Protein chains: 2
Amino acid sequence: MRATTNAFSFFAAAMLASLTSGSVLAADAPAQKAKTMADVLAASKPSDWRALDPANTLYIDLAAGRVVMELAPEFAPLHAQNIRTMAREHYFDGLAILRVQDNFVTQWGDPDGDKPEKAHPFGKASKTLAPEFERAIAKDLPFTPLPDGDVYAPEVGFSNGMPAARDRKSDKTWLAHCYGMVGAGRDVGVETGPGSELYVVIGQAPRQLDRNIALVGRVVQGMELLSALPRGTGALGFYEKPEQRVPIKSVRLAAEVPAAERTNLEVLRTDSQTFTDLVEARRNRRDDWYKVPAGRIDLCNVPIPARIPESAAPK
Amino acid sequence: MRATTNAFSFFAAAMLASLTSGSVLAADAPAQKAKTMADVLAASKPSDWRALDPANTLYIDLAAGRVVMELAPEFAPLHAQNIRTMAREHYFDGLAILRVQDNFVTQWGDPDGDKPEKAHPFGKASKTLAPEFERAIAKDLPFTPLPDGDVYAPEVGFSNGMPAARDRKSDKTWLAHCYGMVGAGRDVGVETGPGSELYVVIGQAPRQLDRNIALVGRVVQGMELLSALPRGTGALGFYEKPEQRVPIKSVRLAAEVPAAERTNLEVLRTDSQTFTDLVEARRNRRDDWYKVPAGRIDLCNVPIPARIPESAAPK
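Here's what I pulled together on the structure shown here. This structure is a prediction, so every number in the text was calculated from the model and none was measured. (Residues numbered from 1 in each chain as written. Chains lettered and ligands numbered in written order. Predicted model: local features only at pLDDT ≥ 70, side-chain atom pairs only at ≥ 80, totals over all residues. Heavy atoms only, no water.)

### Some words on the interface of chain B and chain A
Part 1 of the reasoning: Each partner contributes residues to the interface: chain B has 76 residues there, and chain A has 75 residues.
Part 2 of the reasoning: Approximately 6400 Å² of surface area, both sides summed, lies buried where chain B meets chain A, with 55% of it carried by carbon and sulfur atoms.
Part 3 of the reasoning: Linking chain B with chain A are zero salt bridges, by the criterion used here.
Part 4 of the reasoning: At the boundary of chain B with chain A, the tally comes to 22 residue pairs in polar contact (both at pLDDT 80 or more).
Part 5 of the reasoning: Listing elements by their share of the side of chain B that touches chain A, those giving two or more residues are helix 1 (9–20), strand 4 (96–101), strand 5 (105–109) and helix 4 (224–227) of chain B. (Contact = heavy atoms within 4.5 Å. Buried area = accessible area lost by both parts, 1.4 Å probe. Salt bridge = Lys/Arg side-chain N within 4 Å of Asp/Glu carboxyl O. Polar contact = N/O pair within 3.5 Å; in protein donor to acceptor, adjacent residues only side chain to side chain. Helix = DSSP H or I, 4+ residues; strand = E, 2+ residues; numbered from the N terminus.)

### Section: the state of the cysteines
Residues and elements named next belong to chain A.
Part 1 of the reasoning: Going through the model one piece at a time under the given rule, you end up with two disulfides over all chains.
Part 2 of the reasoning: Here C178 engages in a disulfide with C300; their sulfurs sit 2.0 Å apart. Its S-S torsion of approximately -70 degrees makes the covalent link between C178 and C300 left-handed. One end of the pair, C178, is in the loop between strand 10 (172–175) and strand 11 (181–184); the other, C300, is in the loop between helix 5 (273–283) and strand 16 (306–307), and 122 residues separate them in sequence. With respect to burial, C178 and C300 carry one shared label: buried. (Disulfide = S-S within 2.5 Å. Buried < 20%, exposed > 50% of the residue type's maximum accessible area, 1.4 Å probe, protein only.)

### Here we look at the sheet that holds strand 10 of chain A
The pairing of strands in a sheet comes from backbone hydrogen bonds and takes either a parallel or an antiparallel form.
All names here are of chain A.
Part 1 of the reasoning: Pairing within the open sheet is antiparallel, and its five strands lie in the order 6-10-9-8-7. Of all strands in the sheet, those bounded by a partner on one side alone are strand 6 (135–136) and strand 7 (144–146).
Part 2 of the reasoning: For strand 6 and strand 10, the ladder comprises two bridges, and the chain directions are antiparallel. Pairing of A136 across the sheet is with K172, part of strand 10. (Pairing = 2+ DSSP bridges.)

### Things to note about the relation of the copies chain B and chain A
Part 1 of the reasoning: Of the transformation placing chain B onto chain A, the axial shift is 0.0 Å and the rotation is 180 degrees, giving an RMSD of 0.0 Å. Both chain copies can therefore be described as sitting about a two-fold axis.
Part 2 of the reasoning: The fraction of interface residues of chain B whose copies in chain A are also interface residues reaches 99%, indicating that both copies meet through the same surface. (Least-squares fit on C-alpha atoms with pLDDT ≥ 70 in both.)

### Comments concerning unusual backbone geometry
Residue and element names in this part refer to chain A.
Part 1 of the reasoning: The residue N160 is not glycine, and still its phi comes out positive at about 50 degrees.
Part 2 of the reasoning: The residue N160 is located in the loop between strand 8 (155–159) and strand 9 (162–167) in this model.
Part 3 of the reasoning: Taking the relative accessible area as the measure of exposure, N160 reaches 27% and is therefore partly exposed.

### Regarding the packing of aromatic side chains
Two numbers describe a pair of aromatic rings. These are the distance of the centres and the angle of the planes.
Part 1 of the reasoning: This model, assessed by the stated rule, comprises eight aromatic pairs over all chains.
Part 2 of the reasoning: Arranged with centres 5.0 Å apart and planes meeting at 75 degrees, the rings of F158(B) and F275(B) form a pair that is edge-to-face. Taken together, the positions of F158(B) in strand 8 (residues 155–159) and F275(B) in helix 5 (residues 273–283) put the pair 117 residues apart, joining distant regions of the chain.
Part 3 of the reasoning: Both rings, one in W289(B) and one in Y290(B), keep their centres 4.9 Å apart while their planes meet at 80 degrees; by these two values the pair is edge-to-face. Across the pair, exposure class does not vary: W289(B) and Y290(B) are buried alike.
Part 4 of the reasoning: Here the aromatic cluster, defined as three or more aromatic residues joined through ring pairs, consists of Y91(A), F92(A) and F122(A).
Part 5 of the reasoning: If you follow R211(A) out to its NZ or CZ, it ends over the ring of W174(A), 4.3 Å from the centre. (Phe/Tyr/Trp six-rings, centres within 6.5 Å; stacked < 30°, edge-to-face > 60°. Lys NZ or Arg CZ within 6 Å of the ring centre and 35° of its normal.)

### Focus on the nonpolar core
Part 1 of the reasoning: In terms of nonpolar packing, the biggest core is built from 51 residues, with L146(B), F158(B), L175(B), F275(B), L278(B), L299(B) and V302(B) touching the most fellow members.
Part 2 of the reasoning: Taken together, the elements giving at least two residues each to this core come down to helix 2 (37–42), strand 8, strand 9 (162–167), strand 10 (172–175), strand 13 (214–221), strand 15 (266–268) and helix 5 of chain B.
Part 3 of the reasoning: When residues in this core are grouped by element, the largest group, four residues, is from helix 5 of chain B.
Part 4 of the reasoning: If we skip the residues at most four places from it in the chain, L175(B) touches A72(B), F75(B), M162(B), P163(B), A164(B), M181(B), D210(B) and L215(B).
Part 5 of the reasoning: If you look at the next biggest cluster of nonpolar residues, it comprises 50 residues, including M37(A), Y59(A), L141(A) and W174(A). (Core = buried A, V, L, I, M, F, W, Y, C linked by side-chain atoms within 4.5 Å.)

### Structural notes on the environment of S159(A)
All names here are of chain A.
Part 1 of the reasoning: Within the fold, S159 resides in strand 8.
Part 2 of the reasoning: Judged by its relative accessible area of 1%, S159 falls in the buried class.
Part 3 of the reasoning: Separated by 42 residues in sequence, S159 and E117 have C-alpha atoms that sit 41 Å apart.
Part 4 of the reasoning: Residue contacts for S159: discarding those within four places in its chain leaves F75, L141, P142, A164 and T270.
Part 5 of the reasoning: Separated by 2.6 Å, the side chain of S159 and the backbone oxygen of P142 make a polar contact.

### Comments concerning the sheet that holds strand 16 (residues 306–307) of chain B
All names here are of chain B.
Part 1 of the reasoning: The strand order across the open sheet built from three strands is 1-15-16, with neighbouring strands paired in antiparallel fashion. Each edge of the open sheet carries a strand with a single partner, namely strand 1 (49–51) and strand 16.
Part 2 of the reasoning: Relative to strand 15, strand 1 runs antiparallel, the two sharing three bridges. Across the sheet, A51 pairs through a bridge with E266, a residue of strand 15.

If you want it as structure tokens, here you go:
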């Protein structure tokens, strides 16, 4: 295998290391003046990381493995609550991935959702929900600005580990449709997306959806289980035959799963100096391969690293 | 199936229609004040479209189907020429897709490229090539500016159906790493990427690669054959076992393929008024589903439609 072995190495090496061990390897990184992402992560302190909150974490279990998703209750509290309720009542168990549209979204839910007599019952969950497309800016809502500019919003940055945008003029802030962000599909009515049909971004950030639909969280691990699926050949990427759908074994709140069956993950705090250093390492790539550092970075190109905590790593 | 059936319908409906028939259906589009993309395409004139030039089109044939790629000789003339030579000499036949890194690239080439005794011979093709990472701005090089701004470049737009950027201060222009763009992988040396190992962008636009590597073209049809592959589990997304690799049956220049075996496609001219109208229809989505038109659009979110010409459509 020739070419590009060094081309794109640092991101992947760091991510792989970060997902398999508490200590990050920088095997490919020769001595450099400027820090690479691997260097930055290797120098991180334990306090730069936060464990996923089990009350705020969903496990989407497929035959191929587990997708770990973090909810965003600060931006979509009603949706987070409704999705928690649905998970507790096993609403999603036995449902399926219905749609995979290339360079857009993978979507799952109830294939019989529009047939009242066959639809999965909502139980205590709401069938409609007030729109949570944006919210007021608040002092107690963290926001780490990204000063690089943005095509879509006056200001962008990160809030509790999620890409976000805000507009001080209107005093509004909202989550941004970056790769891996999860939203609550809706029909034309703004209250028709209660979280029973969810989609995840699998391509170029469809930022035109921002402020038009409720983003409810982010996939922290297992994106490849959702992004590498066969594309649906029907309109909008829906699978045309029921047997093409990918069954969902279960969707559980981590808090409802026995501790031994949980996936322990830590996410780099986006309000840490280490994260700011990481953004700079990605903004200006200075390893030998890069000849022209970009000088800027797009919101949706900033990685938000996760890792298995050292205490949980296999010995 | 409930929710979002209307959410994302226009793009897909238009694309599907545009790929299956010369006449574009706007089945989902009710009467609107502003035009949707489907409306814009339905109103297009034959002269808004250009046929792919067989001397400039590659067919990458896999067991699962054909990927159609357009070369970019205006930006990478040496690479285009070298890749044509390799295709004529059947360099790629029997090689394989070696790497699929989630949210980044799918890459193909010679698994034994670094073993002199086993590597596929280059024949008349060059093993090294001068870097074609950017070029001079020129009057005879079309450029349709996109006025929406960009995080990475002073100016962005479209040139001969490809996303591009330019900097008038340095008098340079270059292709942009958007979804579906194809580049020539290289090692650390800038002359080490002769086009024998190619990659295509399958995730968020990695614009930090712009001006660091030669982009040589764009996938016009068949992206799902490259984007939906299993992700490699090795470093950088390389497949760890030879049997995981996806064999390449052949890579042919369309001009070398009998007319009856060609894939006839037309691409919307990016210097047409119809394309400008399409950009506006995508910049401000005004169908009932959208509540807040974005007002701006990112370079890599602009679709570049292709269709089967009416004369070639099945009757």
